[in-house]
Amino acid sequence: MSEVSPSGDQGSAVQPPEGAATLEVVEVKRGMFGAGGSGDTSGYGGLVTPITMPAASLRPYGSWFDQVVDVLSEVLNEGTATGGPGFDEAVEKVVVDLHSADSADARQAELTIHVAREHVAAVCQALRDDQDLRFELSLGVSGVHYPHDAGRELHAVYHLASITHSRRLRLEVAAPDEYPHIPSTTSVYPSNDWHERETYDFFGIVFDGHPALTRIEMPDDWVGHPQRKDYPLGGIPVEYKGATVPPPDTRRSYS
Amino acid sequence: MSAPTDHRPPPAPHATRPAGNEDMSSTVRAFEAYGDGDWDDIAREAIGEERIVVNMGPQHPSTHGVLRLMLEIDGETVTEARAGIGYLHTGIEKNMEFRTWTQGTTFCTRMDYVAPLFQEAAYCLAVEKLLGITDDIPERASVIRVLMMELNRIASHLVCLGTGGNEMGATTVMTIGFTAREEILRLFEAVTGLRMNHAYIRPGGVAVDTPEGFTTQARAALKNVRGYLKQLGDLMLANPIFKARLTNVGVLNLSGCMALAVTGPVLRSTGLPYDVRKDNPYCGYETYDFDIPTSKGADCYDRVVLRIEECYQSLKIIEQAMERLDRTEGEPVMVADKKIAWPAQLAVGGDGQGNSLEHIKKIMGTSMEALIHHFKLVTEGFRVPVGQAWQTVEHPRGELGVHVVSDGGTRPYRAHFRDPSFNNLQATSVMCEGGQVADVVVAVASLDPVLGGVDR
């Protein structure tokens, strides 16, 4: 009945679908209605719900996704002769987000390749240079902080586009909070310069090998990385027409 | 999934040099600052000769807001140019994590305030992807979105051309540009109630249908806009002074654009017809008939020509969209799923725009359940399935990307905007170095950065 222990023992109790790799628990929610701090009269207060990101997809992925993953695998495995990482070493998992579509041919279907962080530059190089891949355009890096994803708290997401083949995919790279280092991809995509600076500024991910990794949006002497989940939003109560509106991060949350 | 094993010792904080490349440190000269010394002393020690660094901005009218340019100049020649940003950072992305999915549009519309409807559209398309309702958006809602975006594209290009002209001393270009933009802003006001910060496009559709007689009003206004566009073209494109100032200035070729991921008119001025509306269509753009103008010069003059051309192409799309608007009169503008659809029926009242009185009477007086549902949907918001989505749209300045992550709750777990101005400003140094100081203004104007979008 109870698949998840109330103690919040994450991961172990979550069963992935058959054949798929383990699921990534990114968040653990308690209770039923999101609102916390009030007396629980519903009886649902002890409910613990682990939030997991979509699991690794199984072949065939559909659409052009299989071809891209096959070619990437071929290119990476060829590269092992010159000291590059093999496909199994570099790619952790492949996820296809269908977004409720019937098949991967639908416009809203998206391909995510999870890459081991030490090999992200090699994977980018392969994706950019091979004639069957040709992801020439990097549309930047965005960070996501998952405090509950033990050992993989900080994620960097790279959005790539191929003008030649009209394709888009994203790479996802994870780093632990204790050692938030990811190799820079600026040698492959110079445009990621400012995007990596922004991700460093907001999340504290250090991109090793970046030419000048300094803060870009926040002042140089700013303490902390504002987009992390442990960084408070701040704000003051505002009085309007006699009523006081509390700051947004202290209002009731339903999530 | 376990952490990737890494046995290297953690380097000093903020070390960005690749580990294991120790001899690099010997090639980098170190300087020590102590006491009440001056940075100039260190600079003199490092360079040994006089260098003039001019700080242009952040408060300078020709920098389109609070852009700071650090120029090292030798006489009139710019030898080094760097852009400094962050002066308008307002933490919109962080704020969005503390509001419902619908309230997110109110925030992202304030990013690039010259082209607000593009952020709204991109964000809503991304949220709709996560909700799995991409195919359920009513046709009329998509048509209105296309119409509003194309109107906004013209308005944005007019600001770019107008301010760009003004910065070179051509005040008439500015006055014509802003007069024409005024016509479009009046249309926005008629539809959304506001001239900017619309929050009009909502997840699932648009907030309210177009007012009665809108297409008649719009056709009359666009006739004027077409006239103003012709005037602008006549004023600028054959003007010898204008051409002398812009031709072969701020050149950035195709490989430069691709390396720096510069998109939009700057990329198309190199001859590559890359436009998200054609490459990866959204909102039904594949059903409209329009062209992607390109040119070969890759300089500031070609970008002006392209922007005027794009305005005409947008007018072409708007005409087709208005025909469809007339055809779909009375059809819904919000997704049918009442668990997502915003329940408001907005109307202009004496105190501004709000819910119409009849609608309030109806929901308050007919069904208790409907009232509860309305209340829950507005205060709590709808839940969005776990996952992440990426959506790009063709913004007037290039490719705008939105990355949204949901943890299954009523608020975005993360919303990231890849603003085209933010990315394109990286090209400042490449476009300005080696040119004259006066060309910096022209080159930056041709990138058309809007700092609200850059800093977010």
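A quick note: this is a predicted structure, and the numbers were derived from the prediction, not measured.

Caption draft 1: Quick look at the sheet that holds strand S1 (residues 52–56) of chain B. Residue and element names in this part refer to chain B. Overall, antiparallel pairing links the three strands, which are arranged S1-S2-S3 in an open sheet. A single partner strand is all that each edge strand has here, and the edge strands are S1 and strand S3 (77–84). The average undirected angle you get between the axes of adjacent strands in this sheet is 20°. Where strand S2 (residues 68–74) meets S3, seven bridges bridge the pair, whose relative direction is antiparallel.

Caption draft 2: Broad picture of empty space enclosed by the protein. Residues and elements named next belong to chain B. In this structure the tally under the stated criterion is three cavities of 30 Å³ or more. For the lining of the largest cavity, the secondary structure elements donating two or more residues are helix H6 (139–167), helix H9 (240–246), helix H13 (300–327) and helix H18 (437–447). Per-element accounting of the lining of the largest cavity gives the leading share, five residues, to H6. Classifying every residue of the lining of the largest cavity by side-chain character gives 11 nonpolar, three polar and two charged.

Caption draft 3: Just the packing of H6 of chain B against helix H7 (residues 171–192) of chain B, in detail. Residues and elements named next belong to chain B. Axis separation between H6 and H7 bottoms out at 8 Å; the angle between their running directions is 155°. By the angle between their axes, H6 is roughly antiparallel relative to H7. Of the two elements, H6 crosses H7, and the hand of that crossing is left-handed. Within the contact between the two elements, H6 uses Met148, Leu151, Asn152, Ile154, Ala155, Leu158, Val159, Leu161, Gly162, Thr163, Gly165 and Asn166 and H7 uses Thr171, Val173, Met174, Gly177, Phe178, Ala180, Arg181, Ile184, Leu187, Phe188, Val191 and Thr192. Along the lines of polarity and charge, the residues of the contact of H6 with H7 split into 15 nonpolar, eight polar and one charged.

Caption draft 4: Geometry of the sheet that holds strand S8 (residues 387–395) of chain B. All names here are of chain B. Pairing is antiparallel across the open sheet formed by three strands, whose spatial order is S8-S9-S10. Pairing within the sheet leaves two strands with one partner each, and these edge strands are S8 and strand S10 (414–418). Mean inter-strand twist for the sheet, computed between neighbouring axes without regard to direction, equals 15°. Across five bridges, strand S9 (residues 398–406) lies against S10 in antiparallel orientation. Within S10, the position partnered with Val402 by the bridge is Phe417.

Caption draft 5: The arrangement of the layout of surface pockets in detail. Taken as a whole, the largest pocket holds about 1,300 Å³ of empty space. Around the largest pocket sit 37 residues that line it, and Arg197 of chain A together with Met70, Arg82, Ala83 and Gly84 of chain B are the ones nearest its centre. The element best represented in the lining of the largest pocket is S3 of chain B, accounting for five residues. Counted by class, the lining of the largest pocket contains 18 nonpolar, nine polar and 10 charged residues.

Caption draft 6: Quick peek at the nonpolar core. By size, the foremost hydrophobic cluster in this structure holds 128 residues, and its most contacted members are Ile85, Met96, Tyr123, Tyr200, Val404 and Phe417 of chain B. Per-element accounting of this core gives the leading share, 12 residues, to H6 of chain B. Setting aside residues no more than four positions away along its own chain, Met96 of chain B makes contact with Gly104, Phe107, Cys108, Met111, Tyr123, Pro412, Ala415 and Phe417 of chain B. Listed in part, the 45 residues of the second largest apolar core include Ala104, Ala156, Ile182 and Val206 of chain A.

Caption draft 7: Broad picture of a nonpolar patch on the surface. All names here are of chain A. Taken together, the side chains of Ile236, Val238, Tyr240 and Val245 define a hydrophobic patch exposed on the protein surface, amounting to about 410 Å² of accessible area. By the secondary structure assignment, Tyr240 is in strand S10 (residues 238–240). A residue is classified by how much of its surface remains accessible, and Tyr240, at 55% relative accessible area, is exposed.

Caption draft 8: Region of interest: the interface of chain A and chain B. The interface is formed by 78 residues belonging to chain A together with 71 residues belonging to chain B. Buried area between chain A and chain B, summed over both chains or domains, comes out near 6,200 Å², and the portion from carbon and sulfur atoms is 54%. For the pair chain A and chain B, the number of links is seven salt bridges. For the salt bridge of Glu97 of chain B with Lys229 of chain A, the shortest nitrogen-to-oxygen distance reads 3.2 Å. Connecting chain A to chain B are 28 residue pairs in polar contact (both at pLDDT 80 or more). By residue number, the principal contributor to the side of chain A that touches chain B is strand S5 (residues 137–145) of chain A, which donates eight residues. The class makeup of the residues in the side of chain A that touches chain B is 34 nonpolar, 21 polar and 23 charged.

About the thresholds
Residues numbered from 1 in each chain as written. Chains lettered and ligands numbered in written order. Predicted model: local features only at pLDDT ≥ 70, side-chain atom pairs only at ≥ 80, totals over all residues. Heavy atoms only, no water. Pairing = 2+ DSSP bridges. Helix = DSSP H or I, 4+ residues; strand = E, 2+ residues; numbered from the N terminus. Axes fitted to C-alpha atoms, helices over the stretch in contact; angles between N-to-C directions. 1 Å grid on protein atoms, 1.4 Å probe; cavity = no way out; pocket = protein on both sides within 12 Å on 5 of 7 lines; lining within 4 Å. Points joined across faces, edges and corners; volume = space filled by probe spheres on them. Nonpolar A, V, L, I, M, F, W, Y, C, P; charged D, E, K, R; others polar. Parallel < 35°, antiparallel > 145°, perpendicular 65-115°, else oblique. Left-handed = near helix turned anticlockwise from the far one by under 90°. Contact = heavy atoms within 4.5 Å. Core = buried A, V, L, I, M, F, W, Y, C linked by side-chain atoms within 4.5 Å. Buried < 20%, exposed > 50% of the residue type's maximum accessible area, 1.4 Å probe, protein only. Patch = residues over 30% accessible without salt bridge, like charges linked within 9 Å, V, L, I, M, F, W, Y side chains within 5 Å. Areas by Shrake-Rupley, 256 points an atom, 1.4 Å probe, with all protein chains shown as cover. Salt bridge = Lys/Arg side-chain N within 4 Å of Asp/Glu carboxyl O. Buried area = accessible area lost by both parts, 1.4 Å probe. Polar contact = N/O pair within 3.5 Å; in protein donor to acceptor, adjacent residues only side chain to side chain.

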